[in-house]
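Here is how the chains run, residue by residue.
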Amino acid sequence: MQTLKLVAVSAGLGSPSSTRLLTDRLLQAARYRLAEQEYAVDVQVVELRDLAVDIANNFVTGFPSGRLQEAIDAVTGADGVIAVTPVFTASYSGLFKSFFDLIDPAALAGTPVLIGATGGTARHSLVLDHALRPLFAYLRALVVPTAVYAASEDWGTGGDEASPTGWGEGLPTRITRAGNEFADTVAGRPSRRLEDDEVVPFEKQLADLRLD
């Protein structure tokens, strides 16, 4: 049985937090889908609140602590990444951004990523498309189509299809869809990313296309 490694990054500041709760629900949905496809799943959650001082020190010294390096290695070595942040001032949190600023721009190339966010009101849901997608597009990650935003009122929807705000689907339905898309994307990739020696140079591609 093939084992896939999923790493979730939660930028919630409280303990417990709605951000961690959404992270766990998304992980659960993805694991269930992968189990249906007979994959074993290795799961790791990176709590950024526990690394806040290490992240700040890294910007000052230029060197990551041991546990910060372990977190970075876990994310860049994952078969799939779930990234969830609270919303501050209509964007991702500074802690969330600071952590991903430490990721090499090429390290997540081709890696499936599921994005999520939490906030006090549904009005901030556009943060998914206006902030998070551009961030991971810059990192050349493969962001799945469905992203999940959870406002405070969403947590009381249970299994209802209707959102309490009167538009869209309820939170459980969105979590399930996003988890399924993410799991299918992770399972459908032959490997996490191509090795350097497997990349065919552009010049060789052109040469192979030339007619005699």
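Scroll up for the structure.
Computed from a prediction, not measured in an experiment: that's the story for all the values here.

About the cut-offs
Within every chain, residues take consecutive numbers counted from 1 along the sequence as written. Totals for whole chains, interfaces and linings use all residues, but because this is a predicted model, local features are given only for residues with pLDDT of at least 70 and pairs of side-chain atoms are given and counted only at 80 or more. By convention in this description, side-chain values take in all heavy atoms of the structure and omit both hydrogens and water. Buried residues of nine kinds, namely Ala, Val, Leu, Ile, Met, Phe, Trp, Tyr and Cys, make up a nonpolar core once their side-chain atoms join them within 4.5 Å. Exposure classes here rest on a 1.4 Å probe applied to the protein chains alone. A residue is buried below 20% of its type maximum, exposed above 50%, and partly exposed in between. Secondary structure elements are taken from DSSP: a helix is a run of H or I of four residues or more, a strand is a run of E of two residues or more, and numbering for both begins at the N terminus. By the convention used here, residues are in contact when the closest approach between their heavy atoms is within 4.5 Å. One side-chain nitrogen of Lys or Arg within 4 Å of one carboxyl oxygen of Asp or Glu is enough to make a salt bridge. Taking the helix axis as origin, the arc is that swept by the directions to the C-beta atoms. Centres within 6.5 Å are what make two rings of Phe, Tyr or Trp a pair, Trp counting through its six-membered ring; a difference in plane orientation under 30 degrees is then read as stacked, over 60 as edge-to-face, and the rest as tilted.

Participant: Pulling in residues and values, what's your account of the nonpolar core?
Facilitator: Of all hydrophobic cores here, the largest spans 40 residues; its most connected members are Leu48, Val75, Phe96, Phe99, Phe100, Leu108 and Phe136. Mapped onto this core, the elements with two or more residues apiece are strand E1 (3-10), helix H3 (66-76), strand E3 (80-88), helix H4 (94-101), strand E5 (112-119), helix H5 (127-138) and strand E7 (148-151). Per-element accounting of this core gives the leading share, 6 residues, to H5. Discounting chain neighbours no more than four positions away, the residues touching Val75 are Val7, Val9, Val81, Phe99, Phe100, Ile103 and Leu108. In this structure, Tyr39, Val84, Ala178 and Ala187 belong to the second largest nonpolar core, which totals 23 residues.

Participant: Can you tell me about the pattern of salt bridges, naming the residues and giving the values?
Facilitator: When charged atoms on two side chains of opposite charge get close, those side chains can pair. Counted by the stated rule, this structure contains 8 salt bridges. Here Asp184 makes a salt bridge to Arg33, at a shortest N to O gap of 2.9 Å. Of this pair, Asp184 sits in helix H6 (residues 171-188) while Arg33 is found in helix H1 (residues 18-36), placing the two residues 151 residues apart along the sequence. For Arg33, a relative accessible area of 25% gives the class partly exposed. Linked by salt bridges that have partners in common, Arg20, Asp24 and Glu47 make up one network.

Participant: Can you explain H4? Please cite residues and give values.
Facilitator: Turning to H4, its buried residues are Leu95, Phe96, Phe99 and Phe100. Down the axis, H4 shows its buried residues gathered within 130° of arc, on one side only. Where H4 is buried, its residues touch E1, helix H2 (52-61), H3, E3, strand E4 (91-92) and H5.

Participant: Can you lay out the packing of aromatic side chains for me, pointing to particular residues and giving the numbers?
Facilitator: Tallied over the full model, the rule gives 5 aromatic pairs. Taking 5.3 Å as the distance between ring centres and 85° as the angle between the ring planes, the aromatic pair formed by Phe99 and Phe100 counts as edge-to-face. Residue classification places Phe99 among the buried positions, given a relative accessible area of 0%. A ring pair is formed by Phe100 and Phe136, whose centres lie 5.1 Å apart and whose planes are at 80°; its orientation type is edge-to-face. Taken together, the residues span a long stretch of sequence, with Phe100 in helix H4 and Phe136 in helix H5 at a distance of 36 residues.

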